[in-house]
Amino acid sequence: MTRTHDGAVRPAQGAAAGAPVDEPAQPYRIRRPSDAIRFAASVVGLAAVMLLVSIAQQTTHGLQTDIAQGTAHAPRLLLTLATLVSSFGVLAVPIAFGIERLFHKDGMRVAIALLAAMIAFGITVGLDDLVVRAAPGGVLDSLIWGGTETAPVHTDIAPVIAFVSAVGMAGRARWQAATWTMIGLAALTGLTASYASVAALAATYLLGRAIGHGTLYAVGTPNPRPSGTAVVAALERLGLHPRRAARLDGTHDADETRRYGVALAPSPQGGHGARLPAGRGPHGDWDVEVRVLDRDQQTAGLLYRVWRLLRLRGATTGRTLRSLRRSLELESLMAYAADAAGARTPRLVGTCEVGTEAALLAYEHVPGRRLGDVPDAEITDELLADVWRQFRALQAGRLAHRRLEGEAVLVGDDGLAYLTDLRFGETAAGDLALRLDLAQLLTTLALRAGPERAVGTAAPVLGEEALGGAVPLLQRVALSRATRTALRHHKDLLTRIREQIVRLKPETEAPPAKLERFRPRTIVSIVALSVAAYIVIPQVTSLDIGHLAATASWHWVAAALGAAALTYVAAAFMLMGFVPERLPLWRTVLVQLAASFVKLVAPAAVGGVAVNTRYLQRSGVRPALAVASVGASQLVGMVTHILLLVLFGFLTGSTAKATQDLAPSRTIVLAVLGLGLLAGLALTVPRVRRVVASRLRAMFSGVVPRLVDVLQSPKKLSTGMGGTLLLTLAFTLCLDASIRAFGGSLPWTTVVLVFLTANAVGSAAPTPGGLGAVEGALTLALTISGLTAETATSAVLLYRLLTLWLPVLPGWGAFAYLQRKEAL
């Protein structure tokens, strides 16, 4: 055998030399995910450098001065020698490497690298000569890089970095050392000559890397994957003698892992090779199935794996990034461990590298079909039980498969089940990983055979206790991406699996385990808070807080504080009115105060509901009735809010001219019609309609019977309705007093309308306590109504201070007190 310039093994003589390989032609160029990831990382790093330098401008100036002073004491001869060497070497070394690549017939890669260098040169010249000169003292000149003495980017280095990034020097340590030494010397001379700053050199490096990898991804890199002939020839090193091979169609691997079926010629010692039993006959058409790990595929799906790693708690995901050698070792270890544990899996014959760009794993071929391809009629209970027996062997050996989908189960022609696709496996796995495997396999088999048969065949093999451990993990987020996609057509499948397990072992009913670190809603909250901070903070910083405190009318501030305190009494009456059972007033007020603390960790429409429901349950109200009581109060509050909003919207239109912008003839009518149209269009989408229906059903389930109970008691009805109206009145009084505390004044109907509008926005916002949304809506509405921006901002800050932030500490105290008293 001979080795080519790219490290691939070519057949030279013997059986492998004439072994034909049936495979489709490979693409000449490919786009590697790693290039896109490196490009994105370089762009993010460049943005971070610009942000850091713009914030810490004085620090970068000081660093530049320190470097200049330090190099001033260096021997001039040494600096001169470094300048001469770098001036010659920074171009000579990459050119020499390019020529070496041309001799090895790798001209396409060199051409792409030259294109990247040209693009980098054009961009750097444009930044240095056009942007800075056109805007002296501008952002790029003075803010980011800190002076007209330096250039934004190093024109001599950026093209070289782009060339090196695109040409590829992986596995060539000497060339890498020589090239980066020359680049480092060139950077040093730029610093000593005050041609470039440290920040400029960092930006130059990141810009060059971004251009190099971006060009490589856009154009495509020459395909480095070894051909099927090279893969088959490499089997000779394992003592195997390939006779013929073919690329296996219909590969099920998401990352496009290549698979080959190989027929072996008998070895001189008998059998098909040193690693196979002597005299063993072929299994169907092939003796060996070869899985090829291509280096460029190791980063496939990296961003998704990183997202899962960040989102999920604990060790619920595997390693996000592995080297080619690491992937080869881990899959080999998993194959040997599974065989040692007694699980039926194709036997690993051997492994080896194929040049520098790939590695292979040769498995004994087992003829059969993947479980996903087996007709429903052939999936018998005996087959399902056999799958569970193989899974039990993995569990006993503390082996986590992590990808027990339909394609990971092979149904052999002998009718037995084999577990395959072990590349994501984990040895010495923890309890959580093993339970996740159980939840995954339960769902996989239930998708094919139904929940009843999946659970029924698992119980005799695994035991009811083991199945009970999977109940909290039967949730979509714990399953693989392909399984979650399949569940879109079987929305109640997980619920049905849980019901089947609970029937076997009723005491296993448990709430879902918390596997997520955060939900997508959390990201929305963070973005909303960031936007709110960007809008509100400049307004706050423009205010003279000392002047406002000195000029504020403190008697109105006290009135606002009293109105804010009244809201908790009103909320207590509102809850007590919709609960036929008797509740103590003082403790119910404390519960509402505790709910103000919970608002900061949950949306306003969710936190209060949870706290009140828990309080009712602790007070002796049955869970279903507690939920119905809170839902009834929420429903009446929502209807009352809408009716008041419409009523005061029309009343506002007949008041003074200053509030004409809020008159129903224009803004109110258009807003209501617009919101109604958007809501109607959204409800035409089936998925949105189902989500809304399920949310309303969960919130108001059992509400109507509870309202009937309340209607039978006029005292309870008056208490509930009085509390609802008093709550709106108290909040309105607090807002009106906050406005008057800073010398402002608006018609009372306008203040009511502004509050109702902002409260609706805050209830819909996903941020804790409606933070950001309420402030923006209040400030905008008050400004439109005729207040100055300064007065509106001051009033809103005081109002939110009294209703959101000031109650946090006493709310925490009330929450802790009620927990000690076992009232929550």
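Residues numbered from 1 in each chain as written. Predicted model: local features only at pLDDT ≥ 70, side-chain atom pairs only at ≥ 80, totals over all residues. Heavy atoms only, no water.

Draft legend 1. Region of the structure containing the packing of helix H21 (residues 585-598) against helix H31 (residues 808-820). As a packed pair, H21 and H31 sit with axes 7 Å apart at the nearest point and diverge in direction by 120°. When the axis of H21 is compared with that of H31, the two are oblique. Both H21 and H31 take part in a crossing whose hand is left-handed. Listed contacts from H31 to Arg587, Leu590, Val591, Leu593, Ala594, Ser596, Phe597 and Val598 of H21 are Val808, Pro810, Gly811, Trp812, Ala814, Phe815, Tyr817 and Leu818. Here the contact of H21 with H31 is composed, by residue class, of 13 nonpolar, two polar and one charged. (Axes fitted to C-alpha atoms, helices over the stretch in contact; angles between N-to-C directions. Helix = DSSP H or I, 4+ residues; strand = E, 2+ residues; numbered from the N terminus. Parallel < 35°, antiparallel > 145°, perpendicular 65-115°, else oblique. Left-handed = near helix turned anticlockwise from the far one by under 90°. Contact = heavy atoms within 4.5 Å. Nonpolar A, V, L, I, M, F, W, Y, C, P; charged D, E, K, R; others polar.)

Draft legend 2. Main features of the sheet that holds strand S8 (residues 288-294). An order of S3-S6-S7-S8-S10-S9 is seen for the six strands of this open sheet, with the pairing classed as mixed. Strands with a single pairing partner mark the edges of an open sheet, and in this sheet they are strand S3 (21-22) and strand S9 (348-354). Of the pairings in the sheet, the one linking S8 to strand S10 (residues 358-364) comprises seven bridges and is antiparallel in character. The residue bridging Arg291 from the neighbouring strand is Leu361, located in S10. (Pairing = 2+ DSSP bridges.)

Draft legend 3. Spotlight on helix H6 (residues 158-167). Of all the ten residues making up H6, ten are buried; the element is thus mostly covered by neighbouring parts of the structure. Taken together, the buried positions of H6 are Ala158, Pro159, Val160, Ile161, Ala162, Phe163, Val164, Ser165, Ala166 and Val167. Two residues or fewer past H6, Gly168 is found with a positive phi of approximately 80°. (Buried < 20%, exposed > 50% of the residue type's maximum accessible area, 1.4 Å probe, protein only.)

Draft legend 4. Main features of unusual backbone geometry. Even without glycine at this site, Asp421 takes up a positive phi of about 60°. Relative to the helices and strands, Asp421 is located in the loop between strand S13 (417-419) and helix H13 (431-449).

Draft legend 5. Here's a closer look at the packing of aromatic side chains. Counting across every chain of the model gives four aromatic pairs. Ring centres 5.7 Å apart and planes at 85° place the aromatic pair Trp388 and Phe391 in the edge-to-face group. Placement of both Trp388 and Phe391 in helix H12 (residues 381-396) is noted, with a separation of three residues, approximately one turn of the helix. Pair check on accessibility: Trp388 and Phe391 agree, each one buried. The interplanar angle of 15° and the centroid separation of 5.4 Å between the aromatic rings of Phe731 and Phe755 together place this pair among those described as stacked. In this pair, Phe731 is assigned in helix H27 (residues 714-740) and Phe755 in helix H28 (residues 748-764), connecting sequence segments 24 residues apart. (Phe/Tyr/Trp six-rings, centres within 6.5 Å; stacked < 30°, edge-to-face > 60°.)

Draft legend 6. Seen up close, the sheet that holds S13. Strand order in the open sheet formed by three strands is S11-S12-S13, and the pairing between neighbours is antiparallel. On the outer flanks of this sheet lie strand S11 (368-370) and S13, each paired with one strand and no other. On average, each strand axis in the sheet is tilted by 30° relative to the strand beside it, whichever way the strands run. Pairing analysis gives three bridges linking S11 to strand S12 (residues 409-412), with the strands arranged antiparallel. Within S12, the position partnered with Arg370 by the bridge is Leu410. The strands touched by H12 are S12 and S13; relative to S13, the strand with the most contacts, the crossing angle is about 35°.

Draft legend 7. Geometry of a nonpolar patch on the surface. Taken together, the side chains of Leu91, Ile95, Ile99 and Phe103 present a nonpolar region at the surface, about 450 Å² in accessible area. The residue Ile99 is located in helix H3 (residues 76-103) in this model. (Patch = residues over 30% accessible without salt bridge, like charges linked within 9 Å, V, L, I, M, F, W, Y side chains within 5 Å. Areas by Shrake-Rupley, 256 points an atom, 1.4 Å probe, with all protein chains shown as cover. Salt bridge = Lys/Arg side-chain N within 4 Å of Asp/Glu carboxyl O.)

Draft legend 8. Fine view of the side chain of Ser327. Mapping Ser327 onto the fold places it in helix H11 (residues 324-340). When near neighbours in sequence (up to four residues on either side) are disregarded, Ser327 contacts Leu293, Gln298 and Arg322.

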